[in-house]
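Results of the structural survey
Each chain, written out:
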Amino acid sequence: MDRVSAFEEPLKKLLGGATAKVMAEHLDLHTVGDLLHHYPRRYEERGRLTALTELPLDEHVTVVAQVADARIMMFNNGRGKRLEVTLTDGSGRLQLVFFGHGVHKPHKELLPGRRAMFAGKVSVFNRKMQLAHPTYQLLDAHDEEEATDAVDAFAGQLLPIYPACKQLDSWRIAKAVDTVLPSAQDAVDPLPEALREGRGFVPLPEALLRIHRPHTKADIAAARDRLRWDEAFVLQVALARRRYADTQLPAVARRSVPGGLLDAFDAKLPFTLTEGQQRVTGEIFGDLATEHPMHRLLQGEVGSGKTMVALRAMLTVVDAGGQAAMLAPTEVLAQQHHRSITEMMGELAEGGMLGGSDLGTKVVLLTGSMGTAARRQALLDLVTGEAGIVIGTHALIEDKVQFHDLGLVVVDEQHRFGVEQRDALRSKADSQGEKRPPHLLVMTATPIPRTVAMTVFGDLETSVLDQLPAGRSPIASHVVPAKDKPHFLSRAWERVREEVENGHQAYVVCPRIGDDAEEAGKKGKKKAAPEDDAEKRPPLAVLDIADQLTKGPLSGLRVEVLHGRMAPDDKDDVMRRFAAGEADVLVATTVIEVGVNVPNATAMVIMDADRFGVSQLHQLRGRVGRGSAPGLCLLVSEAHEASPARARLSAVAATLDGFELSRIDLEQRREGDVLGQAQSGVRSSLRVLSVIDDEEVIAAAREEAVRVVAEDPELERLPELRTALDALLDKDREEYLDKG
């Protein structure tokens with residue numbers, strides 16, 4: 001068997017169909033190489049017990065502990081029985097519970113004094129942490145025959161604890177790794193030899209052996225150092241090749257023209273641009289003036305003035321004879337951008353129209369729900385060049401949409417767009433078979449730490465707007481524990497009333513809409529056990545909450561609803577009325593998350609706030625405090641006080657610093673895909689590299705990657721690196737990077 005194919009061997013050939021099926025379905029492991037790159041999450045020392053006081057609620061854990069006592073309890077008048085086992089590690093205690101026929105084996109084996117590994121999901125019952133029906137493996141059994149293998153395997157060793165799932169415990173994964181570990185000798189080493197020796201790294205086969213079966217902590221450290229570098233380097237090589245390819249593409253330089261549309265626009269501005277806006281504009285204008293396509297990420301806090309910067313870039317391109325397109329994630333946002341841009345430009349947005357400026361251009365809106373006549377006119381304005389600026393949704397990408405000379409694409413909230421959509425829009429600038437892609441500006445209000453910018457957005461240059469324009473108000477945020485303290489929720493609705501009485505408006509945000517057939521079907525399902533109610537309860541819904549508020553705590557106020565399944569005209573009508581102050585409270589889904597700008601809205605209540613991510617909560621909160629009055633954001637949750645969900649909400653309430661929150665978000669999602677499942681749609685190659693902690697590694701790997709690619713863009717002299725690139729960045733992910 002050759003060196004590559006050993007790693008590509010399907011797991012079912014070595015492990016059997018049942019185990020391989022669980023690994024494929026629940027851990028996304030399909031080949032020998034996949035399993036060898038499924039590294040232990042941590043290690044247990046044979047002589048040390050895990051602290052039971054630090055178990056995370058609702059997570060699948062593995063613990064090593066000693067049985068303190070075990071007792072059979074009867075219930076249902078003796079018809080039912082359960083086994084309760086108490087574990088101890090000297091610092092705390094943990095309850096295990098087994099029901100029904102499942103009590104017999106553990107009752108015989110889990111005797112006081114016995115030590116074992118236990119795996120299960122941590123839950124709370126009667127205010128105590130517990131594992132219900134955990135799987136376990138005895139670590140000492142007083143020479144009982146059935147435990148001899150376990151004692152031999154683990155005596156004196158560091159025990160690897162693998163990322164596991166309910167269907168497959170850590171120690172079963174360890175046994176599977178033992179089966180495939182000989183194939184580590186066939187690992188293809190991606191690091192150029194000079195680089196590996198220069199940095200003193202162990203060879204890759206040795207690193208794989210040490211990370212799975214270490215003898216000492218030094219083994220683990222050496223293996224992690226090496227594997228962390230592999231991941232950073234291979235990813236940075238892919239990004240460096242993408243950047244190199246971009247520099248080889250021709251693009252039309254779009255230089256600013258004195259006395260043109262931009263100068264006329266600037267002369268009308270009633271305020272001065274912030275220093276940050278001026279600095280970032282300079283970076284963008286410099287890119288636009290070059291003859292290869294700009295690829296720039298513009299990140300800035302909600303309200304930092306990104307739209308103004310993007311508009312000035314679009315006006316520069318129009319001055320230079322081109323067209324600019326702005327892609328928005330929703331129709332509500334596209335309509336809002338169109339409205340705010342035409343208002344900012346005034347008569348300059350009415351080029352060719354009666355009363356319009358001679359310097360002006362047409363600014364057209366193109367969405368999927370437009371009427372036939374309006375759509376036909378918009379398409380005509382684009383193909384003739386009459387419209388210099390077009391704002392729209394993914395409808396802009398349809399085949400029938402043709403541009404006269406597309407020079408700039410601005411993508412708002414990039415993480416909401418599939419890469420294929422952006423690629424399709426960029427391809428519209430190809431003419432007469434000649435590939436001349438437009439310049440690309442990606443805007444996001446989600447703050448991104450530098451390390452993530454170097455990985456996820458590594459093919460984009462980055463600009464940061466970190467100043468808020470004068471006049472923005474602070475936002476106070478508080479967690480409202482609705483289950484523990486219901487009177488806090490009553491007070492929340494009183495605060496909303498107070499804001500309305502003071503002439504302001506409020507948002508109430510819910511996780512779902514509440515009228516679809518699937519949800520109706522769920523209502524007929526069997527009721528969960530009492531301790532599972534919070535987890536099983538469906539998320540709160542817009543239509544239900546709006547009804548309750550109208551009849552109850554907010555009766556007499558003008559309450560409107562807004563959600564994604566409303567007709568586009570109805571959505572726009574509701575937003576217009578709310579913006580005009582004709583509604584007091586808007587009960588909505590996250591459709592309001594991005595770009596909605598109503599300066600008079602000062603309060604926001606987010607229901608089931610624990611069901612939203614940190615960055616999403618920060619985005620939502622940015623909808624209030626946009627005027628001169630201070631903002632208030634109330635995060636309502638039924639999550640248990642000790643749960644990770646509540647800790648997340650407390651973090652959001654404690655800071656308005658989006659970059660700090662993005663770090664917290666990353667730390668909590670570190671088991672996830674740093675390339676972003678939503679963006680690449682494929683499994684991550686990052687296993688030991690931490691985008692939070694490994695900034696130096698990522699920066700150094702980036703430098704090495706740039707040097708390697710500059711010397712050998714096709715990696716012809718580095719076939720092992722090319723092979724690793726194909727393996728770690730499979731075709732889907734390379735296309736993701738290529739389309740970035």
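Check the entry above for the structure.
The structure contained in this document is the topic of the report that follows. Please read all numbers here as calculations on a predicted model, not as lab measurements.

Below, the discussion takes up the overall build of the protein chain. Counting its regular elements, the protein chain contains 29 helices and 21 strands. Looking at the protein chain as a whole, 53% of its 740 residues qualify as buried. When contacts within the protein chain are restricted to residue pairs at least 6 apart in sequence, long-range pairs at least 24 apart make up 74% of them. With an accessible surface of roughly 32,800 Å², the protein chain has 50% of that area assigned to carbon and sulfur atoms.

This paragraph deals with the sheet that holds strand S16 (residues 475-481). On the basis of which strands lie adjacent, the open sheet formed by six strands has the order S16-S21-S20-S17-S19-S18 and parallel pairing. The open sheet has two edge strands, S16 and strand S18 (559-562), and neither has a second partner. The average angle at which neighbouring strand axes cross in this sheet is 20°, direction not considered. Its contacts with the sheet put helix H22 (residues 568-579) on strand S17 (505-509), S18, strand S19 (585-588) and strand S20 (601-606), and the angle it makes with S18 is roughly 140°. Contacting S16 and strand S21 (631-637), helix H24 (residues 644-654) crosses the sheet at an angle of about 160° to S16.

With that settled, consider the pairing of strand S11 (residues 362-366). Of all five residues making up S11, five are buried, and the element is well covered by its neighbours. A two-sided burial pattern is seen for S11, the buried positions comprising Lys362, Val364 and Leu366 on one face and Val363 and Leu365 on the other. As paired strands, S11 and strand S12 (residues 387-392) are joined by five bridges and run parallel to one another. Paired with valine 364 across the bridge in S12 is valine 390. Chirality of the crossover, the property in question, places the unit of S11, helix H15 (residues 372-384) and S12 among those that are right-handed.

Turning our eyes to something else, we now look at the nonpolar core. Most often, soluble globular proteins keep nonpolar side chains buried together rather than apart. The biggest cluster of nonpolar side chains holds 37 residues, and the ones touching the most others in it are Met314, Met345, Ile389 and Leu408. Counting residues per element, this core draws most heavily on helix H13 (residues 306-319), at nine residues. Among residues more than four places away in sequence, those in contact with isoleucine 389 are Leu311, Met314, Leu315, Val318, Ala324, Met345, Lys362, Val363 and Val364. Counting 33 residues, the second-largest nonpolar core is a separate cluster that includes Leu27, Tyr39, Ala184 and Leu204.

Turning our eyes to something else, we now look at the sheet that holds S12. Whenever strands of a sheet pair, they do so through backbone hydrogen bonds, lying parallel or antiparallel. Here we have seven strands laid out as an open sheet, ordered S11-S12-S10-S13-S14-S9-S15, and parallel in their pairing. Edge positions in the sheet fall to S11 and strand S15 (461-465), since each of these pairs with one other strand and no more. Across the sheet, the axes of successive neighbouring strands diverge by a mean angle of 20°, strand direction being ignored. Where strand S9 (residues 295-300) meets strand S14 (residues 439-444), five bridges bridge the pair, whose relative direction is parallel. Pairing of glutamine 299 across the sheet is with threonine 444, part of S14. The strands touched by H15 are strand S10 (323-327), S11 and S12; relative to S11, the strand with the most contacts, the crossing angle is about 130°.

Now for the pattern of salt bridges. Evaluation of the coordinates by the stated rule reveals 34 salt bridges. Aspartate 266 is paired through a salt bridge with arginine 312; the nearest N and O atoms lie 2.8 Å apart. Linking aspartate 266 in helix H11 (residues 261-268) with arginine 312 in helix H13, this pair joins segments that are 46 residues apart in sequence. Residue classification places aspartate 266 among the partly exposed positions, given a relative accessible area of 25%. With a shortest N-O distance of 2.8 Å, arginine 491 and glutamate 498 are connected by a salt bridge. A relative accessible area of 37% places arginine 491 in the partly exposed class. Classification of glutamate 498 by relative accessible area gives partly exposed; the value is 28%. Among the ionic contacts, a cluster of salt bridges with common partners joins Arg491, Glu494, Arg495, Glu498 and Glu499.

Our next topic: the packing of aromatic side chains. Enumeration according to the criterion identifies six aromatic pairs in this entry. With centroids separated by 6.4 Å and ring planes inclined at 85°, the aromatic side chains of phenylalanine 75 and phenylalanine 99 adopt a geometry described as edge-to-face. Of this pair, phenylalanine 75 sits in strand S2 (residues 60-75) while phenylalanine 99 sits in strand S4 (residues 93-99); the two residues are 24 residues apart in sequence, bridging distant segments of the chain. Residue phenylalanine 75 is classed as partly exposed on the basis of its relative accessible area of 29%. By relative accessible area, phenylalanine 99 is classed as partly exposed at 39%. Relative to tryptophan 229, the ring of phenylalanine 201 has its centre 5.8 Å away and its plane inclined at 50°; by these criteria the two rings are tilted. Taken together, the residues phenylalanine 201 in the loop between helix H8 (193-198) and helix H9 (204-212) and tryptophan 229 in helix H10 (residues 217-248) connect sequence positions 28 residues apart. Overall, phenylalanine 201 belongs to the buried group, its relative accessible area being 12%. Among the aromatic residues, those joined into a ring-pair cluster are Phe98, Phe118 and Tyr136.

Calculation rules
- Residues numbered from 1 in each chain as written.
- Predicted model: local features only at pLDDT ≥ 70, side-chain atom pairs only at ≥ 80, totals over all residues.
- Heavy atoms only, no water.
- Helix = DSSP H or I, 4+ residues; strand = E, 2+ residues; numbered from the N terminus.
- Buried < 20%, exposed > 50% of the residue type's maximum accessible area, 1.4 Å probe, protein only.
- Contact = heavy atoms within 4.5 Å.
- Areas by Shrake-Rupley, 256 points an atom, 1.4 Å probe, with all protein chains shown as cover.
- Pairing = 2+ DSSP bridges.
- Axes fitted to C-alpha atoms, helices over the stretch in contact; angles between N-to-C directions.
- Right-handed = clockwise from strand over helix to strand, strands pointing away.
- Core = buried A, V, L, I, M, F, W, Y, C linked by side-chain atoms within 4.5 Å.
- Salt bridge = Lys/Arg side-chain N within 4 Å of Asp/Glu carboxyl O.
- Phe/Tyr/Trp six-rings, centres within 6.5 Å; stacked < 30°, edge-to-face > 60°.

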